[in-house]
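Structural overview for review
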Amino acid sequence: MTIAVGDALPPFVIDSVSAAAMQDWAVFLTDPNPIHLDVDAVKAMGLGDRLINQGPANVAYIANMVIAAFPGARIDSMNNRFVDNAYAGDRLVASGTITAIAGNLVTCETLLIADDTRTVITGSVTLNLA
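Residues numbered from 1 in each chain as written. Predicted model: local features only at pLDDT ≥ 70, side-chain atom pairs only at ≥ 80, totals over all residues. Heavy atoms only, no water.

A closer look at the overall build of the chain
- Per the secondary structure count, the chain includes 3 helices and 5 strands.
- The linear arrangement of helices and strands in the chain, starting from the amino end, is β-α-α-α-β-β-β-β.
- Along the first, second and third principal axes, the C-alpha atoms of the chain reach 50 × 30 × 20 Å.
- Expressed as a percentage of contacts within the chain between residues at least 6 apart in sequence, the contacts between residues at least 24 apart total 63%.
- For the chain, the accessible area works out to roughly 6,700 Å², and carbon and sulfur atoms hold 55% of it.
- Charge separation in the chain, taken as the distance between the mean sites of 6 positive and 13 negative side-chain charges, equals 2 Å. (Helix = DSSP H or I, 4+ residues; strand = E, 2+ residues; numbered from the N terminus. Contact = heavy atoms within 4.5 Å. Areas by Shrake-Rupley, 256 points an atom, 1.4 Å probe, with all protein chains shown as cover. Lys, Arg positive; Asp, Glu negative; His and termini not counted. Charge placed at Lys NZ, Arg CZ, Asp CG, Glu CD.)

Dropping the structure here:
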């Protein structure tokens, strides 16, 4: 496989964020925050009218995208900036662009976009291809 700075990574798409999956993530993460489990709590906090996806789940979508692009690679570092929430029912697209290559290390700029309009996460990841 030949790669170059500027190459886009294949996107990783979640067609619809699942409210049921948020319940599972709450268990895995030991995260009882009601914004992931109770629409009334979301409304009471003035955060909208849909459940809010867990941040680690959103980061996992980005990790899935880069690992799918580079099978067998290891993530050496990952930096994420949480810009907005992802809500139940949102269509999410994780994407990336190669920004640097140094030996076995590949660095990518990453994004998670909701419904083609809202940036949820910006960040970068460095992978070791060895």
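Having seen the model, we can carry on.
Focus: the sheet that holds strand β4 (residues 105-114)
- Reading across from one edge, β1-β3-β4-β5-β2 is the order of the 5 strands in this open sheet, with antiparallel pairing throughout. Either end of the sheet is taken by a strand with one partner, and the two such strands are β1 (12-14) and β2 (74-82). Each neighbouring strand pair of the sheet contributes to a mean axis angle of 20°, computed without reference to strand direction.
- In the packing of helix α3 (residues 55-69) onto the sheet, the strands contacted are β1, β2, β3 (92-102), β4 and β5 (118-128), and the crossing angle to β2 comes to about 135°. (Pairing = 2+ DSSP bridges. Axes fitted to C-alpha atoms, helices over the stretch in contact; angles between N-to-C directions.)

Structural notes on the side chain of glutamine 54
- You can see glutamine 54 is positioned in the loop between α2 (39-44) and α3.
- A polar contact of 2.9 Å, which involves the side chain of glutamine 54, links it to the backbone oxygen of methionine 22.
- Leave out the neighbours within four places in its chain, and glutamine 54 touches Met22, Trp25, Ala26, Leu29, Asp31 and His36. (Polar contact = N/O pair within 3.5 Å; in protein donor to acceptor, adjacent residues only side chain to side chain.)

Considerations on helix α1 (residues 19-29)
- Between the side-chain oxygen of the N-cap and the backbone nitrogen of alanine 20 there are 3.2 Å, and the N-cap of α1 in question is serine 18.
- Downstream of α1 by one or two residues, threonine 30 has phi in the positive range, about 50°.

Quick word on the nonpolar core
- If you look at the biggest cluster of nonpolar residues, it comprises 31 residues, and the most contacted ones within it are Leu9, Phe70, Leu92, Cys108, Leu112, Val120 and Leu127.
- If you list the elements that add at least two residues to this core, you get α3, β3, β4 and β5.
- The greatest single-element share of this core, amounting to 7 residues, is contributed by α3.
- With near-sequence residues (within four places) excluded, leucine 112 lies in contact with Asn58, Tyr61, Ile62, Leu92, Val93, Ala94, Arg118, Thr119, Val120 and Ile121. (Core = buried A, V, L, I, M, F, W, Y, C linked by side-chain atoms within 4.5 Å. Buried < 20%, exposed > 50% of the residue type's maximum accessible area, 1.4 Å probe, protein only.)

Here we look at the packing of aromatic side chains
- Following the criterion strictly, the structure yields 1 aromatic pair and no others.
- Seen in terms of ring centroids, tryptophan 25 and phenylalanine 28 are 6.2 Å apart; in terms of plane orientation they differ by 70°. Their pairing is edge-to-face. In this pair, tryptophan 25 and phenylalanine 28 both sit in helix α1, 3 residues apart, roughly one turn of the helix.
- According to the relative accessible area criterion, tryptophan 25 is partly exposed, its value standing at 22%.
- On the basis of relative accessibility, which here comes to 62%, the residue phenylalanine 28 falls in the exposed class. (Phe/Tyr/Trp six-rings, centres within 6.5 Å; stacked < 30°, edge-to-face > 60°.)

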